[in-house]
Amino acid sequence: MKGATTNICYNVLDRNVHEKKLGDKVAFYWEGNEPEETTQITYRELLVKVCQFSNVLRKQGIRKGDRVAIYMPMIPELVVAMLSCARLGALHSIVFAGFSAESLCERILDSSCSLLITTDAFYRGEKLVNLKMLADEALEKCREKGFPVRRCIVVKHLGRAELGMGDSPSQSPPVKRSCPDVQISWNQGVDLWWHELVQEAGDECEPEWCDAEDPLFILYTSGSTGKPKGVVHTTGGYMLYVATTFKYVFDFHSEDVFWCTADIGWITGHSYITYGPLANGATSVLFEGIPTYPDVGRLWNIVDKYKVTKFYTAPTAIRLLMKFGDEPVTKHSRASLQVLGTVGEPINPEAWLWYHRVVGSERCSIVDTFWQTETGGHMLTPLPGATPMKPGSATFPFFGVAPAILNESGEELEGEAEGYLVFKQPWPGIMRTVYGNHGRFETTYFKKFPGYYVTGDGCRRDQDGYYWITGRIDDMLNVSGHLLSTAEVESALVEHEAVAEAAVVGHPHPVKGECLYCFVTLCDGHTFSPTLKEELKKQIREKIGPIATPDYIQNAPGLPKTRSGKIMRRVLRKIAQNDHDLGDTSTVADPSVISHLFSHRCLVTQ
Ligand code: PRX
């Protein structure tokens, strides 16, 4: 209805509490990094916390349309923060807590966020991450670039024990591990403690009524030019799409306990930890830790603890756990499991079969869900119990999704075919723009094949009509389900004074799916050494984040280029894999570089 208004926070909380009488239902079981650190939060409690924090944000001057950056680990306050933004019609821009200070700064500046919400520190397995320090560095960089962020709200997470918080299970997560070694610096006039602010805040807050097309959030994803794109999703369509896909793809029933292991810093967490499950009044697990800590049976331990019925993870996690054999899985009951989902990258049939046979004891449906940050929710996916499965295929389109496979000339291919995966018509959850750059939105997704949305993925359709994603066909890399562009890694490398030129390609990896293989040409006067390699890795971690750390760095006195100077990545990929079947190399300006690179390949992971 034209002129109608809505609010997604109202729909996922107030409506569930007041109309559906789900106030006492658990919204989240929170499981901390340590198995003993747990808490739970009901829909009513979540609503109160969100109202309090919305009042805090309002008091800090946050209004509809403002942008708020969030840089936090997987703690309940992360969900509270994002829903509070949504309640006020402010756009949240969540930056994965594994990203570097530089990446955070770049994202804050791109969407001129006026406020940052972060955390003192957290543990990821054994590793302590001093997040506040990274946030401070990012804010300092923003100031240097002439953009002072007004406020930084800090959740005391590792320091919770000192506050005497966490005695009541539904209040705040208890955190046993204190962190004497974490030094938190405090910027007077900018930093504010979360717990102090909410103490003074009222627990009712009228939502800001929004148009269906009002923006809901920005989430950055790598772009092939190297500069991340701020994907913008809007209120109505996104809400409908995540609610519906969650319901059908996971065959949701009210008694389910759902667990998506993704981080909320990625779209999977936005859609299938926060918005999709809450829109359906579901109970979910929110997990701060990692699959291998304190041991490799952690995931199955959690499945049994909360009687998880629907479980959603990434192929990289499955491949990682496969390496440890069946026993860490089979020693746990897992009797509650019904549906197992996967997302983020193509799943190899071997991993699919292990997931099905060992984790699912051959009784669970596997849903291999293909989608993207840009699509908001699932696009190609089986429906559990209804779609006959084929290991490695995302099977068929979700309701209302119209895929097509095009050849290089843009012609639609019928029947068995392989080519570019595109969508022929919009769907409710499609992104609406690239923040601040609508032209880039049009060029990236709609220019190559006018009239179609171009995914950037290759795809094959078999004789039974099943779709098989074959991987990216642009300059993007998929490392452990995380997209990176070759350009962003290359620019991080060439910022090092020793590097004149760099070329990065994807290389097969047994756990990550794909890893980074970098070729670097050094400036005169510099020598290639183990120390330099370490410096380059550090450089990438600082510029982008640990996920972009390369597995291989090879010295390349020359790179294979066309006569017009374009680096031939196709050839470099073959060199990295020691595949001498190079195809046509007649356009290579100096063929001698190829044999040199072959004879100096990196043989082991560094
Ligand atoms: O290449 C596809 C791959 O991940 C890309 C999207 O990455 P991102 O925007 O970070 O979102 C990841 C989570 C939705 C896609 O273009 N991808 C995602 N799911 C699958 C997949 N490739 C194959 N099979 C999948 N199920």
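Throughout, a residue's number is its position along its own chain's written sequence, starting from 1. Since the coordinates come from a predicted model, pLDDT governs what is reported: local features require at least 70, and pairs of side-chain atoms require 80 or more to be given and counted, while whole-chain, interface and lining totals use all residues. Excluded from the side-chain calculations are hydrogens and water; all other atoms, namely the structure's heavy atoms, are used.

- Per an unreviewed UniProt entry, the recorded name for the protein is acetate--CoA ligase, and the organism is Echinops telfairi.
- Under the UniProt heading Sequence similarities (unreviewed entry), the entry covering the protein gives this text: "Belongs to the ATP-dependent AMP-binding enzyme family." UniProt positions are given in the numbering used here, feature names are shortened, and annotations may be inferred rather than shown by experiment.

Quick notes on the overall build of the protein
So, point 1. A run of DSSP states H or I qualifies as a helix once it reaches four residues; a run of E qualifies as a strand once it reaches two. Both are numbered from the N-terminal end. On a plain count of helices and strands, the protein comes out with 18 helices and 27 strands.
So, point 2. In this setup the radius of gyration rests on C-alpha atoms only. A globule is expected at 2.2 Å times the number of residues raised to 0.38. Here the C-alpha atoms of the protein give a radius of gyration of 24 Å, agreeing with the 25 Å that 2.2 N^0.38 yields for 606 residues.
So, point 3. Accessible area is worked out with a 1.4 Å probe on protein chains only. A residue is then buried under 20% of its type maximum, exposed over 50%, and partly exposed in between. Taken over 606 residues, the protein has a buried fraction of 60%.
So, point 4. A contact between two residues is defined here by any heavy atoms of the two lying within 4.5 Å. At a minimum sequence separation of 6, the contacts of the protein that also span at least 24 residues come to 72%.
So, point 5. Carbon and sulfur atoms provide 51% of the accessible area of the protein, an area that totals close to 23500 Å².
So, point 6. Positive: Lys, Arg. Negative: Asp, Glu. His and the chain ends are not part of the count. Note on charges: their place is set at NZ of Lys, CZ of Arg, CG of Asp or CD of Glu. Here the protein contributes 62 positively and 73 negatively charged side chains, and the mean placements of these two sets differ by 1 Å. Accessible areas in this description were obtained via Shrake-Rupley with a 1.4 Å probe; residue shielding takes into account the shown protein chains only.

A short note on the sheet that holds strand β27 (residues 552-555)
So, point 1. Here three strands make up an open sheet; going across it, the order is β25-β26-β27 and the pairing mixed. Either end of the sheet is taken by a strand with one partner, and the two such strands are β25 (499-509) and β27. Pairwise comparison of adjacent strand axes, ignoring direction, gives a mean angle of 25° for this sheet.
So, point 2. Pairing of strand β26 (residues 513-522) with β27, which is carried by four bridges, proceeds in the parallel orientation. Bridging from a neighbouring strand, Y517 pairs with Y552 of β27. Here, any two strands with at least 2 DSSP bridges between them count as paired. The axes are straight lines fitted to the C-alpha atoms, using for helices just the contacting stretch, and the angles between their N-to-C directions are given from 0 to 180°.

Things to note about the site of the ligand
So, point 1. Throughout, the term near means that a residue has one or more heavy atoms lying within 4 Å of the molecule or strand in question. The full set close to the ligand counts 18 residues, and D368, T369, T373, D457 and R472 are the nearest of them.
So, point 2. In protein, a polar contact requires one atom able to donate a hydrogen and another able to accept it; more generally it is a pair of N or O atoms within 3.5 Å, and residues adjacent in sequence count only if both atoms are side-chain atoms. The contact in question runs from a nitrogen atom of the ligand to an N or O atom on the backbone of E345, over 3.3 Å.
So, point 3. Coverage of the ligand by the protein chains reaches 96% of its 540 Å² of free accessible surface.
So, point 4. Those elements that provide at least two residues to the shell around the ligand are α9 (267-279), β16 (365-369) and β22 (467-472).

Quick look at helix α16 (residues 530-543)
So, point 1. The first and last C-alpha atoms of α16 sit 20 Å apart over 14 residues, in line with the 20 Å expected at 1.5 Å per residue.
So, point 2. Within α16, the full set of buried residues consists of L532, K533, L536, K537, Q539 and I540. Down the axis of α16, the buried set is contained in an arc of 155°. They therefore lie on one face. Residues of α16 that are exposed and point over 90 degrees away from its buried face: P530 and T531.
So, point 3. Tucked into the core, α16 has its buried residues touching α15 (486-494), β25, β26 and β27.
So, point 4. G545 occupies a position one or two residues after α16 and carries a positive phi of about 150°. To estimate how far a helix should extend, the number of its residues minus one is multiplied by 1.5 Å. This arc corresponds to the set of directions leading from the helix axis out to the C-beta atoms.

Notes on the UniProt feature "domain: AMP-binding enzyme C-terminal" (unreviewed entry) in the protein
So, point 1. Here the UniProt feature "domain: AMP-binding enzyme C-terminal" (unreviewed entry) sits at residues 488-566.
So, point 2. End C-alpha atoms of residues 488-566 are separated by 17 Å, and the span's content is 27% helix alongside 32% strand.

Topic: the packing of helix α11 (residues 315-322) against helix α13 (residues 349-359)
Any two packed helices are characterised by the angle at which their axes cross and by the distance between the axes.
So, point 1. Across the interface, α11 lies against α13 with an axial gap of 10 Å and an inter-helix angle of 75°. By the angle between their directions, the pair α11 and α13 is classed as roughly perpendicular. For the pair α11 and α13, the contacting residues are I318, R319, L321 and M322 in the first and E350, A351, W354 and Y355 in the second.
So, point 2. Asp, Glu, Lys and Arg are counted as charged, while Ala, Val, Leu, Ile, Met, Phe, Trp, Tyr, Cys and Pro are counted as nonpolar; the rest, among them Gly, fall into the polar class. Along the lines of polarity and charge, the residues of the contact of α11 with α13 split into six nonpolar, no polar and two charged. Geometric relationships in this document are graded by angle, where less than 35 degrees denotes roughly parallel, more than 145 denotes roughly antiparallel, 65 to 115 denotes roughly perpendicular, and other angles denote oblique.

Overview of the environment of G513
So, point 1. Along the chain, G513 turns up in strand β26.
So, point 2. For G513, a relative accessible area of 29% corresponds to the partly exposed category.
So, point 3. Taking the C-alpha atoms as reference points, G513 and P315, 198 residues apart in sequence, are found 8.1 Å from one another.
So, point 4. Beyond its immediate sequence surroundings of up to four residues, G513 is in contact with R319, E345, H507 and P508.

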